[in-house]
Amino acid sequence: MPKLTPFHFSLDLPVLETEVNEYQHVGYEKYFYYFHQACVSYFAMFGHAVAGDNNGIDLIVAETRCAYKRELRLGDQINIECRVGEIKPKAVILNFQINRDGNICATGSTTYLFFDYQTKKVVDVPDALAEPINAYEGLKQ
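Residues numbered from 1 in each chain as written. Predicted model: local features only at pLDDT ≥ 70, side-chain atom pairs only at ≥ 80, totals over all residues. Heavy atoms only, no water.

Counting residues in each nonpolar core, the largest one holds 35 residues, and the members touching the most others are F43, L72, L94, F96 and I98. Those elements that place two or more of their residues in this core are β1 (9-14), α1 (28-44), β2 (57-68), β3 (77-87), β4 (91-100), β5 (103-116) and α2 (127-137). Sorting elements by how many residues they give to this core places α1 first, with seven residues. Setting aside residues no more than four positions away along its own chain, F43 makes contact with H48, V50, L59, V92, L94, F114, L129 and I133. (Core = buried A, V, L, I, M, F, W, Y, C linked by side-chain atoms within 4.5 Å. Buried < 20%, exposed > 50% of the residue type's maximum accessible area, 1.4 Å probe, protein only. Helix = DSSP H or I, 4+ residues; strand = E, 2+ residues; numbered from the N terminus. Contact = heavy atoms within 4.5 Å.)

Bringing α2 into the picture now. Those residues of α2 that sit buried are L129, A130, I133, N134 and E137. For α2, the arc enclosing every buried residue in end-on projection is 125°, short of the 170-degree limit, so these residues lie on one face. Away from its buried face, by an angle of more than 90 degrees, α2 presents the exposed residues D127, A128 and A135. On its buried side, α2 packs onto α1, β3 and β5. (Arc of directions from axis to C-beta.)

With that out of the way, let us pick up the pattern of salt bridges. Scanning all chains against the criterion turns up three salt bridges. Two residues, D76 and R100, come together in a salt bridge whose shortest N-O distance is 3.4 Å. Remark: R100 occurs in strand β4 and D76 occurs in the loop between β2 and β3; sequence separation between them is 24 residues. Of the two residues, D76 and R100, both sit in the buried class. (Salt bridge = Lys/Arg side-chain N within 4 Å of Asp/Glu carboxyl O.)

Moving on to the layout of surface pockets. In this structure, the second largest pocket spans a volume of roughly 160 Å³. Around the second largest pocket, the lining residues are F32, F35, H36, V50, A51, D58, L59, I60, V61, T64, T110 and Y112. Residue assignment for the lining of the second largest pocket shows that the elements contributing at least two residues are α1, β2 and β5. Looking at the lining of the second largest pocket element by element, the count peaks at five residues for β2. A breakdown of the residues in the lining of the second largest pocket according to their chemical character gives eight nonpolar, three polar and one charged. (1 Å grid on protein atoms, 1.4 Å probe; cavity = no way out; pocket = protein on both sides within 12 Å on 5 of 7 lines; lining within 4 Å. Points joined across faces, edges and corners; volume = space filled by probe spheres on them. Nonpolar A, V, L, I, M, F, W, Y, C, P; charged D, E, K, R; others polar.)

Below, the discussion takes up unusual backbone geometry. Non-glycine residue D101 carries a positive phi angle of around 55°. With respect to the helices and strands, D101 occurs in the loop between β4 and β5. One non-glycine residue, K120, adopts positive backbone phi at about 60°. Tracing the backbone through its elements, the reader meets K120 in the loop between β5 and β6 (121-123).

Counted by the stated rule, this structure contains eleven aromatic pairs. Between the aromatic rings of F32 and F35, the centroid separation amounts to 5.9 Å while the plane-to-plane angle is 85°, which identifies the pairing as edge-to-face. Pair noted here: F32 and F35 are both in helix α1, with a separation of three residues, about one helical turn. According to the relative accessible area criterion, F35 is buried, its value standing at 1%. Measuring from centroid to centroid gives 5.3 Å for Y42 and F46, while their planes differ by 55°, and the two rings are tilted. Each member of the pair, Y42 as well as F46, carries the same accessibility label: buried. Clustering of aromatic rings is evident, with ring pairs tying together F9, Y42, F43, F46 and Y136. The residue whose ring lies beneath R83 is F7, and the NZ or CZ to ring-centre distance is 3.9 Å. (Phe/Tyr/Trp six-rings, centres within 6.5 Å; stacked < 30°, edge-to-face > 60°. Lys NZ or Arg CZ within 6 Å of the ring centre and 35° of its normal.)

Following this line, the structure appears as structure tokens:
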């Protein structure tokens, strides 16, 4: 397993009324929404528009997990940290950490595959994306 680099990327978001349940805390499924928002912003730095026009090649989720540490409530200001932990030939594994007031509220990861919607097949991670991510994260190629 490769050594993980520090988080270099983060996204600040408020917890909105639409993200909480009747008890005014964030339901478990919304944590994955926060991971996704960080993923979209992270890949945008490298010119890849998730769910955008990428010549028919985009991300699909193969696996995701979340470890809940502290609850999030309506009005909280949260910081979602994101990094690529590993790039495989056909997959990118992103690690996430959600923080509030300096406390870790959740950690998780998602394995994304690159899918060609024209051929309906999983394809290699594009070099044009892998190379700048490796450089940004300090990963070995």
